[in-house]
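Summary of structural features
Given next are the chains, with one letter for each unit.
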Amino acid sequence: MRNLLLYVFIFAFSGHLYSQNLDEILEKESPKKTNDVLGTFNGTRILNGHSIETRDKGILEFMISHRFDRINTGFDQLFGLDDSNIRFGFEYAFSKDLTVALGRSSFEKTFDGYVKYRLLKQKSGEDPFPFSLTLFGSATEETIKNYNPENKPTFKERLVYTSQVLLAKKLNPNVSLQLTPTYIHFNTVPTTDDPNDVYALGFGTRIKISKRVSVNGEYYLTLNSFESVNTKNSIAFGVDIETGGHIFQLVLTNSRSMIEKGFIAETTGDFANGDIHFGFNISRAFQVNKSKYDQKLY
Amino acid sequence: MKKRYLVFFILLFVNQIFSQEIFLEKDGYVSFFSHSLVEDIKADNNQVLSIVDTKTGEISIQLLMRSFLFKKALMQQHFNESYVESHKYPKAIFKGYILNLKELNSENSETVIKGILAVHGNDKEISVRAKVEITDGHINISGDFMVEVATFDIKIPSVVRNNIAKIIKVTFNLQHAPYN
């Protein structure tokens, strides 16, 4: 009888010995995921230059960039507000990795077109990958009629090609860093002392100060530059604010131009001397084509 | 003596079979819907994991916030980065009990599921009316409920306050198959 009691006791508890905790089963059955790291930068620009980010498929981004004149032009010019340069651009994402764009700047009446391709993405999870890599290539054509009509330059002569490799890492939810080796080829240069090929290295950072606001910084070091013009390295500081479908960037920079060949190779402003342009970038994203999610359902 | 061992093993075996009856769903459906005068927002998640123990009525549901799919890619990006911060809180978890599970049949399939819903690092006790149908070994649980966005400390910026409803509707449909 005592033995029987013992057995019954054991049975009562053996169920619990072998029972599995529901959470343990869920843990075992949940798929192991690797995710792309999102939001290394708030938008497609750090300030003057591009970030590794691109838009998702089917999104058309309208970009307005504006730079006032230099603050040291004094009260008479309302510290630069009296004069300005703008660029507007239409940037379309054919896929989440490929963007093609067209833009036009008022400075030297320059048209620009670019292709941006996300080659590698930083990933976290089961199979992490340490950084993001985006390729950038642009061609620009200056169209301002600043030449002797008898000596009109050809289309080809005024072309400038820029290529960049954008390398970035999101160190933590608040800090991201980017390195941008750049190669610019000018078909025509002012004098024979000037190089047709300019090499530069860009440094960019973003520090998030709240959920939607960040402080950004950018510096482009030119490794060789024009001799005939006293060029300076491009510096930019700014604030990036993201609200719904808009991104607002307020920037202080020594560069007048808003395209790569302009701010990287042709900046003449001395930041320390007050040759500072206050400006802003506003981007608005429109979903013009159905995303792949839509196409899967219907 | 031998008879005693036989009884021992039979009882032990029997106890394993009936100590738990577990049912698992690996591709469950959960969606949420926000209606406002400016726009409607809807997102679907088809990778919901759900597990039920019919002996105790215990139910445990888990889903990855990143698996919610939106029609607008930008909305999905903002949802993850700024609203639910899925890099900080990757999962939404519900743990609770299905009341009166043993009394349910084809005529009487409505019941209440009570438990704690954890989203964005915040817990809330909820009580949800659900339909539980048991058909050839499968347990289907479906229903919907309303939940206040602010409860989970999800901040909506004033710029888009009119685009997102304060109370959203969550719909679920989970079909569990026997697990083992």
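Worth saying up front: this structure is predicted, and the values here are computed from it rather than measured.

What counts and what doesn't
- Residues numbered from 1 in each chain as written.
- Chains lettered and ligands numbered in written order.
- Predicted model: local features only at pLDDT ≥ 70, side-chain atom pairs only at ≥ 80, totals over all residues.
- Helix = DSSP H or I, 4+ residues; strand = E, 2+ residues; numbered from the N terminus.
- Rg over C-alpha atoms; globule rule 2.2 N^0.38 Å.
- Buried ≥ 20, exposed ≤ 12 C-beta atoms within 10 Å, placed from the backbone.
- Contact = placed C-beta atoms within 7 Å.
- Pairing = 2+ DSSP bridges.
- Axes fitted to C-alpha atoms, helices over the stretch in contact; angles between N-to-C directions.
- Core = buried A, V, L, I, M, F, W, Y, C linked by C-beta atoms within 7 Å.
- pLDDT = per-residue confidence, 0-100.

What follows covers the overall build of chain A. A count of helices and strands for chain A gives 4 helices and 14 strands. Computed over its C-alpha atoms, the radius of gyration of chain A comes to 27 Å, more than 25% above the 19 Å expected for a compact globule of 298 residues. Relative to its 298 residues, chain A shows a buried fraction of 35%. In chain A, of all internal contacts separated by at least 6 residues, the share reaching a separation of at least 24 is 60%.

Within chain B, the secondary structure is distributed over 2 helices and 9 strands. Element order for chain B, N to C, with α for helix and β for strand: α-β-β-β-β-α-β-β-β-β-β. The C-alpha radius of gyration of chain B comes to 20 Å, more than 25% above the 16 Å expected for a compact globule of 180 residues. Taken over the C-alpha atoms alone, chain B extends approximately 80 × 35 × 25 Å along its principal axes. Taking contacts inside chain B between residues at least 6 apart in sequence as the whole, the part at least 24 apart equals 54%.

What follows concerns the pairing of strand 5 (residues 91-98) of chain B. Residue and element names in this part refer to chain B. As defined by bridge partners, strand 3 (residues 58-64) adjoins strand 5 across 7 bridges and the pair is classed as antiparallel. Bridge pairing in strand 5 links I61 to F94. With 6 bridges joining them, strand 5 and strand 6 (residues 110-119) adopt antiparallel strand pairing. Looking across to strand 6, one finds that Y97 is bridged to K114.

We now examine the sheet that holds strand 13 (residues 246-253) of chain A. Residue and element names in this part refer to chain A. The strand order around the closed barrel built from 12 strands is 2-3-4-5-7-8-9-10-11-12-13-14, with neighbouring strands paired in antiparallel fashion. The sheet shows a mean angle of 20° between the axes of neighbouring strands, taken without regard to direction. Across 10 bridges, the pairing between strand 5 (residues 110-120) and strand 7 (residues 132-142) is antiparallel. Opposite Y117, over in strand 7, you have L135 as the bridge partner.

Let's shift gears to the pairing of strand 2 (residues 59-70) of chain A. Residues and elements named next belong to chain A. Note: strand 2 against strand 14 (residues 277-287), 10 bridges, orientation antiparallel. Its bridge partner lying in strand 14, M63 is registered against S283. Pairing geometry for strand 2 and strand 3 (residues 84-93), over 9 bridges, is antiparallel. If you follow I64 over to strand 3, its bridge partner there is F88.

This next bit is on helix 2 (residues 73-83) of chain B. Along helix 2 of chain B, the residues classified as buried are A73(B), M75(B), H78(B), F79(B) and N80(B). A positive backbone phi angle near 45° is found at E85(B), which sits one or two residues after helix 2 of chain B.

The next point concerns unusual backbone geometry. Even without glycine at this site, F79(A) takes up a positive phi of about 55°. Locating F79(A) in the fold gives a position in the loop between strand 2 and strand 3. Assessed through the 17 C-beta atoms surrounding it within 10 Å, F79(A) is described here as partly exposed. Of note in the backbone geometry, H120(B) takes a positive phi value of approximately 55° without being a glycine. Counting through the fold element by element, H120(B) comes out in the loop between strand 6 and strand 7 (122-135).

Turning to the environment of E91(A), a few remarks are in order. Residues and elements named next belong to chain A. The residue E91 is located in strand 3 in this model. For E91, a count of 21 C-beta atoms within 10 Å translates into the label buried. Setting aside anything within four residues of it in sequence, one finds E91 in contact with T44, E61, M63, T99 and A101.

A separate point is the nonpolar core. Proteins that are soluble and globular tend to have nonpolar side chains buried together. Counting 32 residues, the largest nonpolar core has V48(B) and L63(B) as its most contacted members. Of all the elements, strand 2 (residues 40-53) of chain B adds the most residues to this core, at 5 residues. Counting residues in each nonpolar core, the second largest holds 11 residues, with F186(A), V198(A), M258(A) and F263(A) among its members.

This part is about the confidence of the model for chain A. Per-residue pLDDT for chain A averages 90, and the proportion of residues at 70 or more is 91%. Across residues 294-298 of chain A the pLDDT falls below 50, and counting only partners more than four positions away or on other chains, this stretch makes 2 contacts in the model.

Let us now look at the environment of E125(B). With respect to the helices, strands and loops of the structure, E125(B) is situated in strand 7. Measuring from C-alpha to C-alpha, the distance between E125(B) and K95(B) comes to 9.6 Å, with 30 residues separating the pair along the chain.

All names here are of chain B. Secondary-structure assignment places H138 in strand 8 (residues 138-148). Judged by the 13 C-beta atoms lying within 10 Å of it, H138 falls in the partly exposed class. Taking the C-alpha atoms as reference, H138 lies 6.8 Å from P178; in sequence the two are 40 residues apart.

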